[in-house]
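Residues per chain, in single letters:
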Amino acid sequence: MKPSIAAKLNQLSIRLEEINRLLSAESVTADMDNYRRLTREHAELGPVVELYRRYRGSEADLKTAQDMANDPAMREFAEVEVTETRARLERLETELQKLLLPRDPNDERNIFLEVRAGTGGDESALFAAELFRMYARYAERKRWQVEVISESPSDLGGYREIIARIIGQGAYSKLKFESGGHRVQRVPVTETQGRVHTSACTVAVMPEADELAEVVLNPVELRIDTFRASGAGGQHVNKTDSAIRITHLPTGLVVECQDDRSQHKNKARALAVLAARLQDRQLREQQSKTAATRKSLIGSGDRSERIRTYNFPQGRVTDHRINLTLHRIAQIIDGDLDELVDALAAEHQAEQLAELAAAQN
């Protein structure tokens, strides 16, 4: 093990002992915010320190087996023990390195999902509806809640744009690599000559900001307009100005929400979406600064960047970032995304481990 990693693990072991002392104090619950921080840190450090203890125990076992090898009567047995213990140490070290990788602070957050039709007209809007249903079915499989914030239907039953809030632990960690351009190749329902067309949609996945605390929204920089909601909703919809449109003047970002009959609720939802968009914008600006030196699985942050192709005639889905092709398009479109999601996460982790190894050399 690299001395730098061993030093880090020793520091974490000492910190865990300190947290144990603090949590055992009678006055620990006097400050509940501090108590929650300590318990959360304890939950994060516990598995790392426990694994490190197993590693140190295996180191001791290796030393014992090597000493036994000096005894001719025990040499054969000891050599087997040395080989097995070294293999175990390698596995434990790899697991420890994974646990030490920097964690994305947004991983456990709820998300805002935005799907927009791109090139391809009505076919693109229909594909946007299928993509949204795909993510909604995936959320259903994970027992997450899906709350539509706003939608702009197309004439044939698709969506020009749809925005939803997905509520569930780890939602961002699972779907954060879905941002980008999604391309579909198939014969549209409007095609009379059986020709395959190519259309595209863009997907944006943004972590929900903590009650606007992390993004400063200056009221002076906001223009808030009210208007009468359109579409389904009954007579009430057309009688009150319950719909909200918020424009962030410095950036030109515009958010509309008309899903609820309450103007107050629509405003709160629109502000939450705006905060998430501004936070996402800041994140992408930071990523663009490091893009020259570090590959990023979510690309340059340009929503038009093609990340995945859904080819219906061939029954395949190809993720171009990791060169993964799966011939099970029906299941994927129905929300069975685990294989794609896990592959993207594994590739990201492998990239982080490579960077960690390079930094230590």
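Calculation criteria
Residues numbered from 1 in each chain as written. Predicted model: local features only at pLDDT ≥ 70, side-chain atom pairs only at ≥ 80, totals over all residues. Heavy atoms only, no water. Axes fitted to C-alpha atoms, helices over the stretch in contact; angles between N-to-C directions. Helix = DSSP H or I, 4+ residues; strand = E, 2+ residues; numbered from the N terminus. Parallel < 35°, antiparallel > 145°, perpendicular 65-115°, else oblique. Left-handed = near helix turned anticlockwise from the far one by under 90°. Contact = heavy atoms within 4.5 Å. Nonpolar A, V, L, I, M, F, W, Y, C, P; charged D, E, K, R; others polar. Pairing = 2+ DSSP bridges. Buried < 20%, exposed > 50% of the residue type's maximum accessible area, 1.4 Å probe, protein only. Salt bridge = Lys/Arg side-chain N within 4 Å of Asp/Glu carboxyl O. pLDDT = per-residue confidence, 0-100.

(A) Structural detail: the packing of helix α1 (residues 3-24) against helix α3 (residues 75-100). Between α1 and α3, the shortest axis-to-axis distance is 12 Å and the interhelical angle comes to 65°. Compared by their axis directions, α1 and α3 come out roughly perpendicular. Once α1 is placed against α3, the crossing between them reads as left-handed. Across from I5, K8, L9 and L12 in α1, the residues of α3 making contact are L96, Q97 and L100. Across the contact of α1 with α3, the residue classes break down as 5 nonpolar, 1 polar and 1 charged.

(B) Highlighting the sheet that holds strand β8 (residues 253-257). In spatial order, the strands read β6-β7-β8; together these 3 strands make up an open sheet with antiparallel pairing. With partners counted over all chains shown, the strands left at the sheet margins are β6 (222-227) and β8, one partner each. The mean angle between the axes of side-by-side strands here comes to 15°, regardless of whether they run parallel or antiparallel. Pairing analysis gives 5 bridges linking strand β7 (residues 243-248) to β8, with the strands arranged antiparallel. The partner of I244 across the bridge, within β8, is C257.

(C) Here's a closer look at the side chain of N266. Locating N266 in the fold gives a position in helix α6 (residues 263-290). N266 sits in the buried class, given a relative accessible area of 0%. Setting aside residues no more than four positions away along its own chain, N266 makes contact with S242, A243, I244, C257, Q258, D259 and D260.

(D) Expanded view of unusual backbone geometry. Unusually for a residue other than glycine, R143 sits at a positive phi of about 60°. Phi is positive for N323, which is not a glycine, with a value near 50°.

(E) Local environment of the pattern of salt bridges. In total, this model carries 29 salt bridges according to the counting rule given. Notably, a salt bridge pairs D334 with R141, separated by 3.5 Å at the nearest N-O pair. One end of the pair, D334, is in the loop between α7 (329-333) and α8 (338-360); the other, R141, is in helix α4 (residues 121-141), and 193 residues separate them in sequence. By relative accessible area, R141 is classed as partly exposed at 43%. The network of salt bridges with common partners includes R133, R137, E140, R141 and D334.

(F) Region of interest: the sheet that holds strand β1 (residues 111-117). The 8 strands are arranged β2-β3-β1-β5-β4-β9-β10-β11 in an open sheet whose pairing can be described as mixed. Two strands in the sheet have a free side with no partner beyond their single neighbour: β2 (145-153) and β11 (324-326). Across the sheet, the axes of successive neighbouring strands diverge by a mean angle of 15°, strand direction being ignored. Of the strand pairs in this sheet, strand β9 (residues 306-311) and strand β10 (residues 316-319) are connected by 4 bridges, and their pairing is antiparallel. Paired with N311 across the bridge in β10 is R316.

(G) Up close: the confidence of the model for the chain. The predicted model of the chain averages 84 in pLDDT, with 88% of residues at 70 or higher. In the predicted structure, residues 232-238 sits below a pLDDT of 50 and forms 8 contacts with residues beyond four places in sequence or in another chain. Confidence drops under pLDDT 50 across residues 290-303; counting only partners more than four residues distant or on other chains, this segment forms 29 contacts.

(H) Highlighting the pairing of strand β4 (residues 180-186). Taking burial as the measure, the 7 residues of β4 include 6 buried ones, the bulk of the element. The sheet contact formed by β4 and strand β5 (residues 197-207) spans 7 bridges and is antiparallel. What sits directly across from G181, in β5, is T202. Note: β4 against β9, 5 bridges, orientation parallel.

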